Amino acid sequence: MTIANPVYSTKSCRYGAEALREAALLIRAGEPVAVPTETVYGLAADATDNHAVAAIYSAKGRPSFNPLIVHVADRDMARGLAHFSPVAEMLADHFWPGPLTLVLPVKAESSLSHLVTAGLPTVALRLPAHPAMRALIRESGRPLAAPSANRSGGISPTRAEHVLASLDGKVRMVLDEGPTSEGLESTIAAPEATKIRLLRPGPITDTMLAEATGLPVAAGKGDVAIEAPGQLESHYAPSKPVRLNALRAEADEYLIGFGLMPCHINLSPEADLQEAGANLFAALHIADASASARIAVAPIPPEGIGAAINDRLKRAAA
């Protein structure tokens, strides 16, 4: 017999002391809560509770082989969950709190749910910079597993209304703190003794990682098909077909531009890659809701954060 997912009355609350207390009570009761980070809105739940983590997978329709990022309030909480090598400590010194996720060997004595790691010997950890997520971790007293707060594979949410458009009725509460600042999911890196493996590009670029450690940065996976979030071939995808490197729109296309060009919406008229990254998912949401049958996106230079933008676009078009 198939059991239907529960349907909730989803409440959107402006972030503040009262909303934070209510969200923490839900977390301690095993319920997921949508909360902003500096990257995208996350669907947070107690990372030590199997039922709470399962509720994340259920609400998102996320495959169980795809591991989750665990968010921590401070370095001490992180050290209680994973083994930190000297290289990992160096990266944390430079980029935490912030949009860098480290894939580290999980401690056998950690209290993490096995669902968080999807059976892998590693865990993806991040110390976020956003005050709402940091406060929710402290108020609930739990490390929080928190993938993006949207249906699995869909466009990531950078505003509370994006969360409601995707998960309304599937979660009890959304903490609304306006648009996120980075607009792209965190960089995911696996530090090793002689190199850093870049598992997902993001706001912290490969050049920044190399400069912080003096080690080479190599893109690519390890010996398993999926060892971190964001590695599925098709991901971050609108409901409409996406055409990349478009210089003009066809008759049935909504064109997302970059730099000075005729288009329906522009990621950055000044061709600023940081601005483009912050606006990318919001533009995809608008394009997906338009009357056009297809979406076209202008070429984005691959340097710096452009690598992360192109990674998301390639998966959106897959």
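Further up the page is the structure itself.
Below, the structure is looked at part by part. (Residues numbered from 1 in each chain as written. Predicted model: local features only at pLDDT ≥ 70, side-chain atom pairs only at ≥ 80, totals over all residues. Heavy atoms only, no water.)

One broad rule of soluble globular proteins: the nonpolar side chains tend to lie buried together. Ranked by size, the top nonpolar core spans 45 residues in total, and within it Phe84, Trp96, Leu100, Leu125 and Leu209 carry the most contacts. Those elements that provide at least two residues to this core are β3 (41–46), α2 (50–60), α4 (86–95), β5 (100–105), β6 (122–126), α7 (160–167), β10 (196–200) and α8 (206–213). Ignoring any residue separated from it by four or fewer positions in sequence, one finds leucine 125 in contact with Val70, Val72, Ala78, Leu81, Ala82, Phe84, Trp96, Leu100, Thr101, Leu102 and Leu104. The next biggest cluster of nonpolar side chains, apart from the first, holds 28 residues, and it includes Tyr236, Val242, Ala276 and Ile295. (Core = buried A, V, L, I, M, F, W, Y, C linked by side-chain atoms within 4.5 Å. Buried < 20%, exposed > 50% of the residue type's maximum accessible area, 1.4 Å probe, protein only. Helix = DSSP H or I, 4+ residues; strand = E, 2+ residues; numbered from the N terminus. Contact = heavy atoms within 4.5 Å.)

Our focus in this paragraph is the pairing of strand β15 (residues 294–297). By the bridge criterion, two bridges tie strand β12 (residues 242–243) to β15 in an arrangement that is parallel. Looking at β15, one finds that arginine 243 is bridged to alanine 296. Pairing of strand β13 (residues 253–257) with β15 involves four bridges; the strand directions are parallel. Each bridged residue has a counterpart across the sheet, and for leucine 255 the counterpart in β15 is alanine 296. (Pairing = 2+ DSSP bridges.)

Inspection of every chain in the model, using the stated rule, returns two aromatic pairs. Ring plane angle 75° and centroid distance 6.0 Å describe the contact between phenylalanine 84 and tryptophan 96, whose orientation is recorded as edge-to-face. Within this pair, whereas phenylalanine 84 is found in the loop between α3 (75–79) and α4, its partner tryptophan 96 is found in the loop between α4 and β5, the two being separated by 12 residues in sequence. Measuring from ring centre to ring centre gives 5.9 Å for tyrosine 236 and phenylalanine 281, while their planes differ by 35°; the resulting arrangement is tilted. In this pair, tyrosine 236 sits in the loop between β11 (217–219) and β12 while phenylalanine 281 sits in helix α9 (residues 273–289), placing the two residues 45 residues apart along the sequence. Residue class for phenylalanine 281 comes out buried when judged on its relative accessible area of 0%. (Phe/Tyr/Trp six-rings, centres within 6.5 Å; stacked < 30°, edge-to-face > 60°.)

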